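Observations on the model geometry
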Amino acid sequence: MSEPILTIRNLRKSFGELSVLKGIDLTVVRGEVVSIIGASGSGKSTLLRCVNLLEEPDGGSVLFDGEDLSDPRTDLRALRERIGMVFQGFNLFQHKTVLENCMLPLTTVRRMKRAEAQQVAEQELERVGMYEFRDAHVDEISGGQAQRAAIARALCMRPEIMLFDEPTSALDPEKVGEVLNVIKALADSGMTMLIVTHEMQFADDVSDRVVFMDAGVICEEGPPSVVFRNPRQPRTKEFLSRYHLRS
């Protein structure tokens with residue numbers, strides 16, 4: 001793994017007087033799974049939202065496959081099609097079926113014919129174990145099923161990187177595992193992923209690299225074996241002291 005797909009340089013973001021990102025530098029290479037951990041308010045989700053400009057950075061740069069997202073000459077719409085994002089709140093249309101939710105970006109963004117869009121959507125629903133629920137409306141399925149449908153919808157666009165923003169935080173505890181299993185399967189398939197998560201054991205199991213954020217900066221990063229079992233920074237040690245991971 002050596003080819004960078006995402007390069008973040010000196011990224012800064014404030015909301016009013018509150019400085020949330022204070023000069024973030026991070027590179028993700030193709031095929032890498034990077035988990036971002038840290039306390040609430042450390043800037044994790046803001047960082048993720050700046051990657052595809054759901055939040056506009058105040059400074060610094062985000063390069064995706066070598067193209068600067070802030071460059072006015074960059075075709076942002078085309079680049080965003082290559083970046084899949086899954087939110088903690090699913091962001092599905094409640095009045096549509098699972099299948100219709102997955103077909104929608106294909107027919108509206110890709111201008112794909114309905115028959116072809118349905119075939120792609122059904123393939124991705126099968127991939128996440130949701131094919132049998134394709135005709136159910138979103139309000140008829142569980143939170144875990146809704147999140148798996150949201151993952152399928154993102155995968156329908158054939159993204160080159162997947163961004164996950166706390167994908168299990170809105171789920172009942174018994175539904176967390178089914179979503180994490182889907183994400184792990186994507187990792188095993190070689191999908192490039194940037195995951196904001198509070199599931200430490202999952203981050204330990206699935207990540208090539210773990211990034212610990214604190215107060216808007218990257219405090220420490222490295223392989224899970226180092227960050228989780230031999231952290232160097234006192235703040236990292238303090239944060240991780242409440243978790244007990246398998247050896």
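Residues numbered from 1 in each chain as written. Predicted model: local features only at pLDDT ≥ 70, side-chain atom pairs only at ≥ 80, totals over all residues. Heavy atoms only, no water.

The protein is annotated in an unreviewed UniProt entry as ABC-type polar-amino-acid transporter from Actinomyces glycerinitolerans. UniProt annotates the protein under Catalytic activity (unreviewed entry) with the comment "a polar amino acid(out) + ATP + H2O = a polar amino acid(in) + ADP + phosphate + H(+)". UniProt, in its Sequence similarities (unreviewed entry) section for the protein, records the words "Belongs to the ABC transporter superfamily." (UniProt positions renumbered as here; feature names shortened; annotations may be inferred.)

1. Looking at the packing of helix α3 (residues 98–108) against helix α4 (residues 114–127)
The interhelical angle for the contact between α3 and α4, taken along N-to-C directions, is 125 degrees, at an axis separation of 9 Å. Of the possible angle classes, the one that applies to α3 and α4 is oblique. The element α3 and its partner α4 pack so that their crossing is right-handed. Judged by residue contacts, V98, L99, C102, M103, L106 and T107 of α3 engage R114, A117, Q118, V120, A121, E122 and L125 from α4. For the contact of α3 with α4, the residue count by class is nine nonpolar, two polar and two charged. (Axes fitted to C-alpha atoms, helices over the stretch in contact; angles between N-to-C directions. Helix = DSSP H or I, 4+ residues; strand = E, 2+ residues; numbered from the N terminus. Parallel < 35°, antiparallel > 145°, perpendicular 65-115°, else oblique. Left-handed = near helix turned anticlockwise from the far one by under 90°. Contact = heavy atoms within 4.5 Å. Nonpolar A, V, L, I, M, F, W, Y, C, P; charged D, E, K, R; others polar.)

2. Side note on the domain arrangement of the protein
Examined at the domain level, the protein breaks down into domain 1 (1–82 + 161–246) and domain 2 (92–158). Put simply, the middle of domain 1 and the middle of domain 2, counted by C-alpha atoms, are 25 Å apart. The interface of domain 1 with domain 2 comprises 14 residues on the first partner and 15 residues on the second. For the pairing of domain 1 and domain 2, the buried interface totals around 1200 Å² over both sides, and the portion due to carbon and sulfur atoms is 65%. Its largest share of buried area at the contact with domain 2, domain 1 owes to E81, E178 and V182, together 39% of the area lost on that side. Taken together, the links from domain 1 to domain 2 amount to two salt bridges. In this structure, E178 engages R148 in a salt bridge whose closest nitrogen and oxygen atoms are separated by 3.1 Å. Linking domain 1 with domain 2 are five residue pairs in polar contact (both at pLDDT 80 or more), by the criterion used here. At the level of secondary structure, the elements contributing two or more residues to the side of domain 1 that touches domain 2 comprise β7 (161–165) and α6 (173–188). Of the residues contributing to the side of domain 1 that touches domain 2, the split by class is nine nonpolar, one polar and four charged. (Domains from an automatic or database assignment. Buried area = accessible area lost by both parts, 1.4 Å probe. Salt bridge = Lys/Arg side-chain N within 4 Å of Asp/Glu carboxyl O. Polar contact = N/O pair within 3.5 Å; in protein donor to acceptor, adjacent residues only side chain to side chain.)

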